[in-house]
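Descriptive analysis of the structure
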2 protein chains.
Amino acid sequence: MSPSFPKSYKVACSNCNLRELCMPMGLSEAELRYIDEMVGSRRKVPRGDPLFTHGDPFKALYAIRTGFFKTTVTAQDGRDQVTGFQMAGEVVGLDGIVHDRHTCDAIALEDSEVCVMPYDELEALSREVTALQNHVHKIMSREIVRDQSMMLLLGSMRAEERLAAFLLNLVQRLHARGFSPLELVLRMTREEIGSYLGLKLETVSRMFSKFAEQGIVEVRQRHVRILDTVALQQLVSQHHPE
Amino acid sequence: MSPSFPKSYKVACSNCNLRELCMPMGLSEAELRYIDEMVGSRRKVPRGDPLFTHGDPFKALYAIRTGFFKTTVTAQDGRDQVTGFQMAGEVVGLDGIVHDRHTCDAIALEDSEVCVMPYDELEALSREVTALQNHVHKIMSREIVRDQSMMLLLGSMRAEERLAAFLLNLVQRLHARGFSPLELVLRMTREEIGSYLGLKLETVSRMFSKFAEQGIVEVRQRHVRILDTVALQQLVSQHHPE
DNA sequence: CGCACAGTTGATCACCGTCAATGAAAGTGG
DNA sequence: CCACTTTCATTGACGGTGATCAACTGTGCG
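Residues numbered from 1 in each chain as written. Chains lettered and ligands numbered in written order. Predicted model: local features only at pLDDT ≥ 70, side-chain atom pairs only at ≥ 80, totals over all residues. Heavy atoms only, no water.

Bringing the UniProt feature "domain: HTH crp-type" (unreviewed entry) in chain A into the picture now. Per the UniProt annotation, the sites labelled "domain: HTH crp-type" (unreviewed entry) are residues 157–230 of chain A. In this annotation, residues 157–230 of chain A is assigned 55% helix and 15% strand; the end-to-end C-alpha distance for the span is 18 Å. (UniProt positions renumbered as here; feature names shortened; annotations may be inferred. Helix = DSSP H or I, 4+ residues; strand = E, 2+ residues; numbered from the N terminus.)

Structure, rendered in C-alpha cells:
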C-alpha cells in the first residue's frame, strides 16, 4: 500500500473509511483513481431535507457517507409508505434508472452527506472496470433480495415478529459499522417504523412496551438496548403455526 | 433490414417476436448477432417444475419465451411467500447475482420455455454494447420499483384493494402482449394469489365473490372477465381515508 | 415557560384469519 | 368410460390481531 495524500480536504474513495462497504475489493491504483474522479462531488443534506423526491430527473446514484435516510413511495391517492432506511455505506437512487426519473423520495433523518456518482459516468467507467460493473450489479441485486424479504415480512409476519426482525436488522447493520450489537438509537419516529413495517404507530409502541415487559429490550424513547437477542431471533423464526 | 436465415430451427433473438419486450432498441446488425450468440440455449420447464430453487448456484438470467412462472422466497422456518408472477418477455434470476446463489425459487405454472443468458457472457457483452448494459440496468431497476410498489400494497392496502390492484396489473401486462384487457385466465391457485397479496386463500375467494356480486367481474374458476375496469381502478386509488 | 410534537396506554371495533363443511374440477387407474 | 382420489374453490360461523378513536404524558425547542 503506497499512501498518497489527497490533493484537497476532499476525502477520496481511495482512503475513505467506508471503502470496504461501498467499493469493490482488489482494485488497482489506477482503477481507484478513476473512481475517485467519477465520484465528483459531495452533497450535504440537512435533517428533514430530501436528497431527491419522486418525479425528479434521475442523474446520479448516491453513496451515503454520513447520516441516515428513509425512502418512501407515494400512491396515487397521496398516501405514502416507507420502503427503507439507509445508513452510511449504502446506496440510494437505484429506483430512478428505469424511467430516468426517481419514483421515490429519499429524506435525510439526520444531517447527512452523500457522495454523488453521476450515472452516465458510472456506466462508462463500469464498462472499463469489470470489478466495478460487477459491484454495481451486486448492489442492485442485493436491493432486490432485500425488497423481497420485506415482502415476506409484510405478507406473512405478525406485528411482534415484524418489529423483532426490524430491530435485529438494524443492530446487525450498525454492528457491521462498528457500533454495539446490543444498543441503538433510533433515528426515526414510531410512525415511520410503523409505515415501514405495515403497522400503525400505536401498534409499534405497544410492541415495544410488550418487549420491555418481557425483558427482551429496554426502551427509553428512541434509545433501545437489547437484553435478549436470542428471544428476538426466536420471535422472527417462529411464525405462527400452520 | 437484411434477412438472414437462422442456422437451425432455433429461433434467434434477432427475429424473436418478444424482441421489443426483452431487448434494447436500435441495435446494429452486428450487436444483435453477438446477443444471439450469447443467448446460447433454450430450456423447457414443464408445469410444476422449478427453473431454479434457492441455494442453486447462480449461473444465468432467464428470459421467459413462453409460459408462466411464480417466484417464491422461503423463510428460515420453512414458510414461503410468492414474490411475483412472470410471463413471456420478463426476466427471472436477478436475485442470484449478489451471493452467486439463488435466494428464491422459480416454478413454472404452465409448460414453459426460457432463454438462458449465461451471466458472465452477459456481463462481458454488456461491457461492449452500451445499449445492452443500459437495458440490463433498467431491468434491475424496474424490478426494484416493482418490489417497492408491492411493499406499498402489502403494507397499506386492504384485501379488496390488493385484489383489484392484482387484477389490473395482470390484465395490463397481458394486454401489452396482445391479449384482451377485459378477460384473463389465471394460471395460479387462490392460495398462490393469497400468498402473493399477503392474504389467505379464503379471503381471496371471498373478494372474488364480492366483486362478482357487485358486477365488477365475472368469475368462473380461473376464468375472469372484467366488467367494470373503472370500478377496479377506483378501488385501488381510494385507500381508506386518513 | 409554554407549545408543538412524539410517545404511551386504554377501550372498542372491524377486518381478516381460522376452522370446518361442502362442492366442483381435474387427474388416476381399473 | 366411469368410480375414485386429490386438488382447488366456495361459503359460513367465530375469534383474534391490529386499527381506530381518544386521552394523557413526556420531551425538546423556541
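Note that Ser209(B) resides in helix α7 (residues 201–213). Sequence separation of Ser209(B) and Val219(B) is 10 residues, and the distance between their C-alpha atoms is 7.7 Å.

Next up on the list: the domain arrangement of chain A. All names here are of chain A. Per the domain assignment, the segments of chain A are domain 1 (13–153) and domain 2 (157–237). Taking only C-alpha atoms into account, the centre of domain 1 sits 25 Å from that of domain 2. On the domain 2 side, the residues contacting the 21 residues of domain 1 number 16 residues. The junction of domain 1 with domain 2 conceals about 1600 Å² of combined surface from both sides, 58% of it contributed by carbon and sulfur atoms. Taken as a group, Phe85, Met87 and Leu153 account for 42% of the area that domain 1 buries against domain 2, more than any other trio of residues on that side. The tally of links between domain 1 and domain 2 comes to 4 salt bridges. In this structure, the salt-bridge partner of Glu192 is Lys70, at a minimum N-O distance of 2.9 Å. (Domains from an automatic or database assignment. Contact = heavy atoms within 4.5 Å. Buried area = accessible area lost by both parts, 1.4 Å probe. Salt bridge = Lys/Arg side-chain N within 4 Å of Asp/Glu carboxyl O.)

In this section: the confidence of the model for chain A. Taken over all residues, the pLDDT of chain A has a mean of 91, while the share at 70 or more is 94%. Scored below 50 in pLDDT, residues 1–9 of chain A makes 2 contacts in the model with residues more than four places away or belonging to other chains. (pLDDT = per-residue confidence, 0-100.)

For the pair chain B and chain A, the best superposition has an RMSD of 0.0 Å and corresponds to a rotation of 180 degrees with a translation of 0.0 Å parallel to the axis. Taken together, the turn and the small shift mark the pair as related by a two-fold rotation axis. Among all C-alpha atoms of chain B, that of Arg127(B) lies closest to the rotation axis, at 2.3 Å. (Least-squares fit on C-alpha atoms with pLDDT ≥ 70 in both.)

In this section: the protein's contact with DNA strand C. Contacts to DNA strand C come from 19 residues, most closely from Arg190(A), Ser205(A), Ser209(A), Ala159(B) and Thr203(B). Taking the atoms of DNA strand C that fall within 4 Å of the protein, sugar and phosphate contribute 65% of them. A distance of 2.9 Å separates a base nitrogen of DNA strand C from a polar atom in the side chain of Arg206(A). Contact between DNA strand C and Arg222(A): a phosphate oxygen at 3.0 Å from a side-chain N or O atom of the residue. The set of elements that each furnish at least two residues to the surface near DNA strand C consists of α7 (201–213) of chain A together with α7 of chain B. Top element by residues in the surface near DNA strand C is α7(A). It accounts for 5 residues. Of the residues belonging to the surface near DNA strand C, the class tally is 3 nonpolar, 8 polar and 8 charged. (Near = heavy atom within 4 Å. Polar contact = N/O pair within 3.5 Å; in protein donor to acceptor, adjacent residues only side chain to side chain. Nonpolar A, V, L, I, M, F, W, Y, C, P; charged D, E, K, R; others polar.)

Looking now at the protein's contact with DNA strand D. Close to DNA strand D lie 19 residues, the nearest being Ala159(A), Thr203(A), Arg190(B), Ser205(B) and Ser209(B). Each atom of DNA strand D within 4 Å of the protein belongs either to a base or to sugar and phosphate, the latter forming 69%. For DNA strand D, a phosphate oxygen lies 2.7 Å from a polar atom in the side chain of Ser205(B). Within the side chain of Arg222(B), an N or O atom sits 3.2 Å from a phosphate oxygen of DNA strand D. When contributions to the surface near DNA strand D are tallied by element, the ones reaching two or more residues are α7 of chain A together with α7 of chain B. Ranked by residues supplied to the surface near DNA strand D, first place goes to α7(B) with 5 residues. Grouping the constituent residues of the surface near DNA strand D by class yields 3 nonpolar, 8 polar and 8 charged.

The next point concerns the UniProt feature "domain: Cyclic nucleotide-binding" (unreviewed entry) in chain A. UniProt's feature table lists "domain: Cyclic nucleotide-binding" (unreviewed entry) at residues 23–101 of chain A, given in the numbering used throughout. Helix makes up 13% of residues 23–101 of chain A and strand makes up 42%, while its end C-alpha atoms are separated by 25 Å.

Moving on to the environment of Gln234(A). All names here are of chain A. Mapped onto the elements, Gln234 comes out in helix α8 (residues 229–237). Given the relative accessible area of 41%, Gln234 is considered partly exposed. Each C-alpha atom of the pair Gln234 and Glu161 lies 9.0 Å from the other, and the pair is 73 residues apart in sequence. (Buried < 20%, exposed > 50% of the residue type's maximum accessible area, 1.4 Å probe, protein only.)

What follows covers helix α2 (residues 29–38) of chain B. All names here are of chain B. Of the residues making up α2, those classed as buried are Leu32, Ile35, Asp36 and Met38. Considered in projection along α2, the buried side chains sweep an arc of 160 degrees and stay on one side of the axis. More than 90 degrees from the buried face of α2, the exposed residues found are Arg33 and Glu37. For α2, the elements touching its buried residues are α1 (19–22), β6 (105–118), α3 (119–128) and α4 (130–156). (Arc of directions from axis to C-beta.)

In this section: the packing of aromatic side chains. Residues and elements named next belong to chain A. Using the criterion set out here, one finds 12 aromatic pairs over all chains in the structure. Their ring planes at 65 degrees and their centres at 5.9 Å tell us that Phe166 and Tyr196 sit as a pair that is edge-to-face. Of this pair, Phe166 sits in helix α5 (residues 159–176) while Tyr196 sits in helix α6 (residues 190–197), and the two are 30 residues apart along the sequence. Exposure remark for Phe166: the relative accessible area of 4% places this residue in the buried category. Linked through ring pairs, Phe68, Phe85, Phe166 and Tyr196 together constitute an aromatic cluster. (Phe/Tyr/Trp six-rings, centres within 6.5 Å; stacked < 30°, edge-to-face > 60°.)

Let's shift gears to the packing of helix α5 (residues 159–176) of chain B against helix α8 (residues 229–237) of chain B. All names here are of chain B. Axis separation between α5 and α8 bottoms out at 8 Å; the angle between their running directions is 130 degrees. The angle between the axes of α5 and α8 places the two elements in the oblique class. Taken as a pair, α5 and α8 cross one another with a handedness that is left-handed. Each of Glu160, Glu161, Ala164, Ala165, Leu167 and Leu168 in α5 lies in contact with α8, whose residues at this interface are Thr229, Leu232, Gln233, Leu235 and Val236. (Axes fitted to C-alpha atoms, helices over the stretch in contact; angles between N-to-C directions. Parallel < 35°, antiparallel > 145°, perpendicular 65-115°, else oblique. Left-handed = near helix turned anticlockwise from the far one by under 90°.)

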